[in-house]
Amino acid sequence: MSKPVVLIAEELSPATIDALGPDFEIRSVDGADRSALLPALAEANAVLIRSATKMDAEAIAAAPALKVIARAGVGLDNVDIKTATTAGVMVVNAPTSNIISAAELTIGHILSLARRIPAAHASLAAGAWKRSSFTGTELFEKTVGIIGLGRIGALIAARLQAFDMRVVAYDPYVTSARAQQLGVQLVSLDDLVEQSDFITIHMPKTPETTGMIGAEAFARMKPTAYVVNVARGGLIDEEALYTALTTGEIAGAGLDVFSSEPPAQDGPARRLLDLPNVVVTPHLGASTDEAQEKAGVSVARSVRLALGGELVPDAVNVAGGVIDPYVRPGIPLVEKLGQIFAALARSPLTSLDVEVHGELNQYDVKVLKLAALKGLFTNIVSETVSYVNAPLLADQRGVEVRLLVDDDSPEYRNVITLRGALSDGSQLAVSGTLTGTKQIEKLVGINDYAVELPIEKNHIVMLYADRPGIVAVYGQKFGEAGINIAGMQIARNTAGGQALSVLTVDSPVPDELLDEVRSAIQADLFRQIEITES
């Protein structure tokens, strides 16, 4: 039998080829050259890429035998994941390959700002000797604020503690017990920006976190404070940052990422590059030999697993492996339930039960536990979440996870419930199922409230005192703002008690309107949920 064809579309380390082993026919092509790439894909079973090769719909259509796209790195902006999933092509990346490199670059930016190293170098290289012009500040006994205490944030905390710095952090999804293990004090975001001498942000980029460090935050900071972003462009409002830097609201900034890369000539980021109190690098977070080698070796192993028909932990769109066809449709459903659960949680999760009820109890459903964790963390950590690191993320946060299976499902053939305990003592449960021949994903329960509506991209969940006129209030306000309500379910357990409304809307709702509606109906719970497709 002929060997499976693995196409190497960009330069990768020799260790990557070694990790593939002798079981494949290795071919090479310049992935940036479309005229060469497309015909080369015709017989490829797997393709290994970095950032220059675009695996879009055209490229995927040109590869009828393709089973896996492997990105030797973290980002997947150059892969059309939706088209790949539709075509049955697995997409894998290397989510943990760059965490040490990213953490060390963050430390480098902090030291460069504190000791003014780039400016001093440029001055001396130009022939000047101006020691008094580059007086810096020590890190010793200063306060560093880490926004996002995931794996990279935890690595930074450990390294800066060696400088005898006080470390505070803001992360609404981390328990105080986990923070205590790391030697970090959890504080509110307002307290963090007010107390910190250095602030570094490590959050995922979502509608909620985009621009989260803006004019209001800068106004609260010390005039001697420095801000660092090595995570995602757009987390810091670049216009507000420019104003803060030029008016003396803060002392300086270190940036490795920008809202537009490379920064557009007429964009807000371009003006930042000219400021003397800014240290910039061109998105170098993963640019170390070690990170590149780790990434290549990691995806090579994933390719071996994928082409061997085994479970692929780093798959971002499908779980892979020997999963029964009856179980497989439940994977994306459970991922979405995890996202809904995370959006509804009022405080950090301490324990989670993944309950599988119905006919599925006859099958191996362990992958649904992984899918629940993957969905849970998708929008709340900065790194890419996969089937291998999701349990680690839960463990790092002190979350106990159980898989419970039984055949008790009186209303549906199968129901999957995510039931968790939160750190404030409350409990939360979210349930879903698949219905009909088209296996439509439906939300069928939130806590004790029974609903049934298809899971779409945008939902709003409201809990309020049951009384006449509420639907008219929010219906009018959304209508006046041009927000179309595509679907709605209202549930209550007793007349005059609490009512739960779940809306499906055609587009995200601005925060200002959400606040207005929340206040108008006096909601006890009010959440916007935006589902991220795998």
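Residues numbered from 1 in each chain as written. Predicted model: local features only at pLDDT ≥ 70, side-chain atom pairs only at ≥ 80, totals over all residues. Heavy atoms only, no water.

**Student:** So what exactly am I meant to see when it comes to the overall build of the chain here?
**Tutor:** A count of helices and strands for the chain gives 18 helices and 22 strands. In terms of overall size, the chain behaves like a compact globule, its C-alpha atoms giving a radius of gyration of 25 Å where 534 residues would be expected to give roughly 24 Å. Based on the C-alpha atoms only, the size of the chain along its principal axes is roughly 80 × 70 × 45 Å. When burial is assessed residue by residue, the chain has 51% of its 534 residues classed as buried. The long-range fraction of contacts in the chain, counting pairs at least 24 apart against all pairs at least 6 apart in sequence, stands at 64%. (Helix = DSSP H or I, 4+ residues; strand = E, 2+ residues; numbered from the N terminus. Rg over C-alpha atoms; globule rule 2.2 N^0.38 Å. Buried < 20%, exposed > 50% of the residue type's maximum accessible area, 1.4 Å probe, protein only. Contact = heavy atoms within 4.5 Å.)

**Student:** In this structure, what is going on with the pairing of strand β16 (residues 427–435)? I would like to understand it.
**Tutor:** In regular strands, side chains alternate between the two faces of the sheet. Among the 9 residues of β16, 7 are classified as buried, and the element is accordingly described as predominantly covered. Summarising the sheet, β16 and strand β17 (residues 440–446) pair through 6 bridges and their orientation is antiparallel. Residue Val430 lies in a different strand from β17, and its bridge partner there is Ile446. Where β16 hands over to β17, the hairpin turn is made up of 4 residues, of which Gly436 adopts a positive phi near 75 degrees. (Pairing = 2+ DSSP bridges.)

**Student:** Hey, could you run me through the pattern of salt bridges in this one?
**Tutor:** Should the charged atoms of two oppositely charged side chains come close, the side chains can pair. The full count for this structure, using the stated rule, is 20 salt bridges. Note that Arg27 and Glu25 form a salt bridge whose closest N and O atoms lie 2.8 Å from each other. What makes Glu25 partly exposed here is its relative accessible area of 32%. Here Asp353 makes a salt bridge to Arg402, at a shortest N to O gap of 2.8 Å. (Salt bridge = Lys/Arg side-chain N within 4 Å of Asp/Glu carboxyl O.)

**Student:** How do you make sense of the packing of helix α17 (residues 470–480) against helix α18 (residues 511–521) when you look at a structure like this?
**Tutor:** Each pair of packed helices can be described by the angle between their axes along with the distance between the axes. For the pair α17 and α18, interaxial distance at closest approach is 10 Å and the crossing angle is 160 degrees. If you check the angle between α17 and α18, you find them roughly antiparallel. In this structure, α17 meets α18 at a crossing whose hand is right-handed. Seen from α17, the contacting residues are Ile470, Val473, Tyr474, Lys477 and Phe478; seen from α18, they are Leu513, Glu516, Val517, Ala520 and Ile521. (Axes fitted to C-alpha atoms, helices over the stretch in contact; angles between N-to-C directions. Parallel < 35°, antiparallel > 145°, perpendicular 65-115°, else oblique. Left-handed = near helix turned anticlockwise from the far one by under 90°.)

**Student:** What exactly am I supposed to notice about unusual backbone geometry here?
**Tutor:** A negative phi angle characterises most non-glycine residues, just as the trans form characterises most peptide bonds. Omega for the peptide link from Glu261 to Pro262 comes to -10 degrees, which places this bond in the cis form. Within the secondary structure, Pro262 sits in the loop between β11 (252–255) and α12 (268–272). One non-glycine residue, Gln439, lies in the positive phi region at around 50 degrees. Its place among the elements puts Gln439 in the loop between β16 and β17. Relative accessible area serves as the criterion here: at 35%, Gln439 is assigned to the partly exposed category. Phi at Gln522 is positive, roughly 55 degrees, even though this residue is not glycine. Mapped onto the fold, Gln522 is located in the loop between α18 and β22 (525–530).

**Student:** Help me out: how do you make sense of the sheet that holds β22 in this one?
**Tutor:** Hydrogen bonds between backbone atoms are what pair the strands of a sheet, whose relative direction is either parallel or antiparallel. In space, the 4 strands of this open sheet follow the order β20-β21-β19-β22, with antiparallel pairing throughout. Every interior strand has two partners, whereas the edge strands, β20 (485–492) and β22, have only one. Direction aside, neighbouring strands of the sheet carry axes that sit 15 degrees apart on average. Pairing between strand β19 (residues 458–465) and β22: 6 bridges, direction antiparallel. In the strand pairing of β22, His459 is matched with Ile529. Along the sheet, helix α14 (residues 330–344) makes contact with β19 and β22, crossing β22 at roughly 145 degrees.

**Student:** Sorry if this is basic, but what is going on with a nonpolar patch on the surface here?
**Tutor:** Together, Val471, Met488 and Ile490 make up an exposed nonpolar region whose accessible area comes to about 230 Å². Relative to the helices and strands, Val471 is located in helix α17. With relative accessibility at 34%, the residue Val471 sits in the partly exposed group. (Patch = residues over 30% accessible without salt bridge, like charges linked within 9 Å, V, L, I, M, F, W, Y side chains within 5 Å. Areas by Shrake-Rupley, 256 points an atom, 1.4 Å probe, with all protein chains shown as cover.)

**Student:** Explanation requested: the packing of aromatic side chains in the structure shown.
**Tutor:** One pair of aromatic rings is described through two measures. These are the centre distance and the angle between the planes. Taken as a whole, this structure holds 3 aromatic pairs when the rule is applied. A ring pair is formed by Phe198 and Tyr226, whose centres lie 5.3 Å apart and whose planes are at 15 degrees; its orientation type is stacked. With Phe198 in strand β9 (residues 198–201) and Tyr226 in strand β10 (residues 226–229), this pair connects stretches of sequence that are 28 residues apart. The pair Phe198 / Tyr226 is uniform in exposure class, with both members buried. (Phe/Tyr/Trp six-rings, centres within 6.5 Å; stacked < 30°, edge-to-face > 60°.)

**Student:** Looking at this model, I keep getting lost on empty space enclosed by the protein. Mind explaining?
**Tutor:** Rolling a probe over the atoms, with the probe sized like a water molecule, indicates the empty space that remains. One pass over the full model with this rule turns up 2 cavities of 30 Å³ or more. Approximately 100 Å³ is the volume attributed to the largest cavity. Together, Tyr173, Phe341, Ala342, Ala345, Ser347, Pro348, Leu349, Leu376, Phe377, Ile380, Arg397 and Val399 line the largest cavity. For the lining of the largest cavity, the secondary structure elements donating two or more residues are α14 and α15 (366–378). Classifying every residue of the lining of the largest cavity by side-chain character gives 10 nonpolar, 1 polar and 1 charged. Looking at the second largest cavity, the residues that line it are Asn229, Arg232, Gly233, Gly234, Ile236, Glu238, Leu241, Leu255, Val257 and Phe258. Classifying every residue of the lining of the second largest cavity gives 5 nonpolar, 3 polar and 2 charged. (1 Å grid on protein atoms, 1.4 Å probe; cavity = no way out; pocket = protein on both sides within 12 Å on 5 of 7 lines; lining within 4 Å. Points joined across faces, edges and corners; volume = space filled by probe spheres on them. Nonpolar A, V, L, I, M, F, W, Y, C, P; charged D, E, K, R; others polar.)

**Student:** What is the right way to look at the domain arrangement of the chain in this model?
**Tutor:** In many reports, interface size means the accessible area that the parts give up when they come together. Under the domain assignment, the chain is made up of domain 1 (5–94 + 290–308), domain 2 (98–280), domain 3 (319–455) and domain 4 (457–533). The centre of domain 1, based on its C-alpha atoms, is set 43 Å off from the matching centre of domain 4. (Domains from an automatic or database assignment.)

**Student:** Explain the packing of helix α5 (residues 99–115) against helix α7 (residues 151–161) here, please?
**Tutor:** It is the contact of α5 with α7, at a shortest axis distance of 9 Å, that shows an interaxial angle of 50 degrees. On the basis of their axis angle, the class for α5 and α7 is oblique. Helix-helix and strand crossings are classified by hand; for α5 and α7 the assignment is right-handed. Contacts from Ile99, Ile100, Ala102, Ala103, Thr106, Ile107 and Ile110 in α5 reach Arg151, Ile152, Leu155, Ile156, Arg159 and Leu160 in α7. Split into classes, the residues belonging to the contact of α5 with α7 amount to 10 nonpolar, 1 polar and 2 charged.

**Student:** What should I look at first to understand a negative patch on the surface in this one?
**Tutor:** On the surface, a cluster of negative charge is made up of Glu104, Asp289, Glu290 and Glu293. Counting residues per element, the negative patch draws most heavily on helix α13 (residues 289–307), at 3 residues. Along the chain, Glu290 turns up in helix α13. Taking the relative accessible area as the measure of exposure, Glu290 reaches 52% and is therefore exposed. (Lys, Arg positive; Asp, Glu negative; His and termini not counted. Charge placed at Lys NZ, Arg CZ, Asp CG, Glu CD.)

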